[in-house]
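The lines below spell out each chain.
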Amino acid sequence: MASFLIFYIIPLSVISVYYYFIAKNLIRSAYNIPVEGNVHIESRKRLARTVLVFVCLFAFCWLPTHIIYLYRSYHYSEVDTSVLHFIASICARILAFTNSCVNPFALYLLSKSFRKQFNNQLFCCRARLLIRSQSMARSTTRMTSLKSTNNSLATFSLINGNHVCHEGYV
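If you check an unreviewed UniProt entry, the protein appears there as G-protein coupled receptors family 1 profile domain-containing protein from Bambusicola thoracicus. Entered under Subcellular location (unreviewed entry) in the UniProt record, the comment concerning the protein runs "Cell membrane".

Peer 1: Explain the overall build of the protein to me, please; I cannot follow it from the model alone.
Peer 2: Along the protein, the regular secondary structure elements total 5 helices and 3 strands. Mapped from its N terminus to its C terminus, the protein presents α and β elements in the order α-α-α-α-α-β-β-β. Within the protein, contacts between residues at least 6 apart in sequence are counted, and of these 44% link residues at least 24 apart.

Peer 1: In this structure, what is going on with the nonpolar core? I would like to understand it.
Peer 2: If you look at the biggest cluster of nonpolar residues, it comprises 7 residues: Phe 4, Tyr 8, Leu 12, Val 55, Phe 58, Ala 59 and Leu 70. Elements with a minimum of two residues in this core: α1 (2-31) and α2 (37-74). Here this core takes 4 residues from α2, the largest share from any one element. What Phe 58 contacts, discounting residues up to four positions off in sequence, is Tyr 8, Pro 11, Leu 12, Ile 15 and Asn 99.

Peer 1: Please clarify how helix α3 (residues 83-110) should be interpreted in this entry.
Peer 2: Structurally, the α-helix is built with 3.6 residues per turn, so residues lying three or four positions apart point the same way. The largest bend in α3 is about 55°, located at Cys 101, with the proline Pro 104 one to four residues further on. Looking at α3, one finds that the buried residues are His 85, Ser 89, Ala 92, Ala 96, Asn 99, Val 102 and Ala 106.

Peer 1: Please clarify how the UniProt feature "transmembrane region" (unreviewed entry) in the protein should be interpreted in this entry.
Peer 2: According to UniProt, the "transmembrane region" (unreviewed entry) feature falls on residues 6-23, 51-71 and 83-110. Summarising residues 51-71: 100% helix, 0% strand, and an end-to-end C-alpha distance of 31 Å. The span residues 83-110 is 100% helix and 0% strand, and its two end C-alpha atoms sit 37 Å from each other.

Conventions used here
Residues numbered from 1 in each chain as written. Predicted model: local features only at pLDDT ≥ 70, side-chain atom pairs only at ≥ 80, totals over all residues. Heavy atoms only, no water. UniProt positions renumbered as here; feature names shortened; annotations may be inferred. Helix = DSSP H or I, 4+ residues; strand = E, 2+ residues; numbered from the N terminus. Contact = heavy atoms within 4.5 Å. Core = buried A, V, L, I, M, F, W, Y, C linked by side-chain atoms within 4.5 Å. Buried < 20%, exposed > 50% of the residue type's maximum accessible area, 1.4 Å probe, protein only. Bend = angle between axes of the 7 residues up to and from the residue.

Given below as structure tokens:
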């Protein structure tokens, strides 16, 4: 029971209280914004809901593990070797460890700005390749030569609009 309190109830209580105050302040501050208040109020409410979803995800993901720990602590004299207990233990562990990686997915589903930035970062290489292939089709090559007393020197540069993409010596 002590580990249930220390590792589940106390952390859940602490994050619930802090996230409640964060959500409350977000909603309260939205009413203090005079310009386009309706838009700001809705975005702040959506952010407050997102914060509260994280508390619920934590509670949901870790509760089965702690229920199994409680069951084992009150039935420590007998070992449960049933397949159901084994599968439930594995699923509870997987669910608990999944909580560590579920937050970005929840943010992706709940936040439009996070989704936009994530997609920009995820597809940045593809966008660069697409831009590069389009710019290479429109690029021109300019050759210039400089005559010096000892030898002749030719330079080339690949021009894409006003930007020099590559310069070198031939």
